[in-house]
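# Structure assessment
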Amino acid sequence: MFKQQLAEYARLIEAALDKFLPDSSMPQKRVVDAARYSLLGGGKRLRPALLLEFYQLCGGRADEALPFACALEMIHTYSLIHDDLPCMDDDDLRRGRATCHKAFDEWTAVLAGDALLNRAYEVMADAAIDFPRPQDAVRAMNHIAHCAGLYGMVGGQTMDLQMEAGRLGADNLEQMVSLKTGALLSAACVGGCLLAGASQEQCQAAEQYARSFGLAFQIRDDVLDAEGSEQELGKTIGSDEKDGKTTYLTVCGPEECRRRIDALTQEALQAVQSFPDSAFLCELAWWLADRTS
Ligand code: GRG
């Protein structure tokens, strides 16, 4: 049931993404091709699915929120393209295929990321104009921008690279993860609530879910980087060790990682108990706690 619902969300999102970034024969076609290559080439579509789920739990209709969900996936995809570049993580494999800069080249990948980021805000602003409650749309956009930027994912990525260079200590690990990984999940969960004009209590519950679930998600990601299968994950494994990265696995070891993933997943479940039907959110959290891809 849950897998079916996630697949249905992915179907909706992918059909809309295709329309929001149309194929073209313009002179800038090369960058459109690269952006489409990364955007439409797989991925779990977690963040847009979460935005749609929270929007519906707070009383909205999924089709109204679809442009915002797609924009979030564009922001996520831009971050993956840039993260894979030689100046950052320098990865060759993503979503089971060559990374954007490998399939095209570096300048194209930089511009494809830039194009996706800008297109995301354009799509949201367009949708806000005709949205039933434009102020809620602006509040959601504001939260998404905050979470994606300096005070969220970009800030977390900055901390991660500083840690890798030995300029920041392991005591910054939790804050780094809550920004790099947790912030965009908050953009999805709280963004969906804000868009629906939800109460402060509902927004706080969504924030707590995103926080706990985001940390569990990252710890599982750290474990999979060491123990997972490259084929199932669709990305290069062993890169954390190769880069000498500080991760939850290096700090806590595998047993403590498992214990924390389970405890954080329980916390995430607790956080959303007050929603009318939290089954999808609960199953998603457990599925990701045990994920292999
Ligand atoms: C370049 C500003 C900037 C940020 C990069 C995305 C990112 C931040 C880094 C990628 C490395 C990493 C471990 C990020 C943590 C979040 C994470 C596990 C992303 C992968 O998300 P999934 O598993 O990917 O949802 P799919 O491909 O399924 O969408």
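As a reminder, the structure under discussion sits directly above these lines.
Residues numbered from 1 in each chain as written. Predicted model: local features only at pLDDT ≥ 70, side-chain atom pairs only at ≥ 80, totals over all residues. Heavy atoms only, no water.

Within the element layout of this structure, Ala-109 appears in helix H6 (residues 106-130). By relative accessible area, which is 0% here, Ala-109 ends up buried. Separated by 162 residues in sequence, Ala-109 and Ala-271 place their C-alpha atoms 38 Å apart. Leaving out residues up to four positions away in the same chain, Ala-109 has contacts with Ile-81, His-82, Leu-85, Cys-100 and His-101. (Helix = DSSP H or I, 4+ residues; strand = E, 2+ residues; numbered from the N terminus. Buried < 20%, exposed > 50% of the residue type's maximum accessible area, 1.4 Å probe, protein only. Contact = heavy atoms within 4.5 Å.)

A separate point is the packing of helix H7 (residues 134-148) against helix H9 (residues 173-195). Where H7 contacts H9, the two axes come as close as 9 Å, and the packing angle between them is 175 degrees. As summarised for this structure, H7 and H9 are arranged roughly antiparallel, according to the angle between their axes. Contacts from Asp-136, Ala-137, Arg-139, Ala-140, His-143, Ile-144, Cys-147 and Ala-148 in H7 reach Ala-183, Leu-184, Ser-186, Ala-187, Val-190, Gly-191, Leu-194 and Leu-195 in H9. Residue composition of the contact of H7 with H9, by class: 11 nonpolar, 3 polar and 2 charged. (Axes fitted to C-alpha atoms, helices over the stretch in contact; angles between N-to-C directions. Parallel < 35°, antiparallel > 145°, perpendicular 65-115°, else oblique. Nonpolar A, V, L, I, M, F, W, Y, C, P; charged D, E, K, R; others polar.)

With that settled, the discussion passes to unusual backbone geometry. For Arg-45, which is not a glycine, the phi torsion comes out positive at approximately 60 degrees. Classification of Arg-45 by relative accessible area gives buried; the value is 2%.

Let's shift gears to the site of the ligand. Taken together, 19 residues are adjacent to the ligand, and Lys-44, Arg-47, His-76, Asp-83 and Arg-95 come closest. Take Lys-44: an N or O atom from its side chain is 2.6 Å from an oxygen atom of the ligand. In this structure, an oxygen atom belonging to the ligand sits 2.8 Å away from a side-chain N or O atom of Arg-47. Isolated, the ligand exposes 710 Å² of accessible area, and the fraction of that covered by the protein chains is 92%. When atoms are counted within 2 Å of each cavity's grid points, the one that captures over half of the ligand is the largest pocket. Within the residue set of the shell around the ligand, elements represented by two or more residues are helix H3 (46-57), helix H4 (62-83), helix H8 (153-164), H9 and helix H10 (200-227). The greatest single-element share of the shell around the ligand, amounting to 6 residues, is contributed by H4. (Near = heavy atom within 4 Å. Polar contact = N/O pair within 3.5 Å; in protein donor to acceptor, adjacent residues only side chain to side chain. Areas by Shrake-Rupley, 256 points an atom, 1.4 Å probe, with all protein chains shown as cover. 1 Å grid on protein atoms, 1.4 Å probe; cavity = no way out; pocket = protein on both sides within 12 Å on 5 of 7 lines; lining within 4 Å. Sits in = over half its atoms within 2 Å of the grid points.)

Our focus in this paragraph is the nonpolar core. Ranked by size, the top nonpolar core spans 79 residues in total, and within it Leu-50, Phe-54, Tyr-209 and Leu-284 carry the most contacts. Residues within four places of Leu-50 in sequence aside, it is in contact with Leu-185, Ala-188, Cys-189, Tyr-209, Phe-213, Leu-281 and Leu-284. Counting 17 residues, the second largest nonpolar core, distinct from the first, contains Met-163, Val-177, Ala-216 and Ala-289. (Core = buried A, V, L, I, M, F, W, Y, C linked by side-chain atoms within 4.5 Å.)

Bringing the layout of surface pockets into the picture now. Here the largest pocket is characterised by a volume of approximately 1100 Å³. Forming the walls of the largest pocket are 48 residues, and the residues nearest its centre are His-76, Leu-80, Arg-94, Asp-221 and Lys-235. Those elements giving two or more residues to the lining of the largest pocket turn out to be H3, H4, strand S1 (93-94), H8, H9, H10, helix H11 (230-233) and helix H12 (239-242). Take the lining of the largest pocket: its biggest share by element is 7 residues, from H4. (Points joined across faces, edges and corners; volume = space filled by probe spheres on them.)

From the geometry alone we can't say anything about function, so treat these as descriptive.
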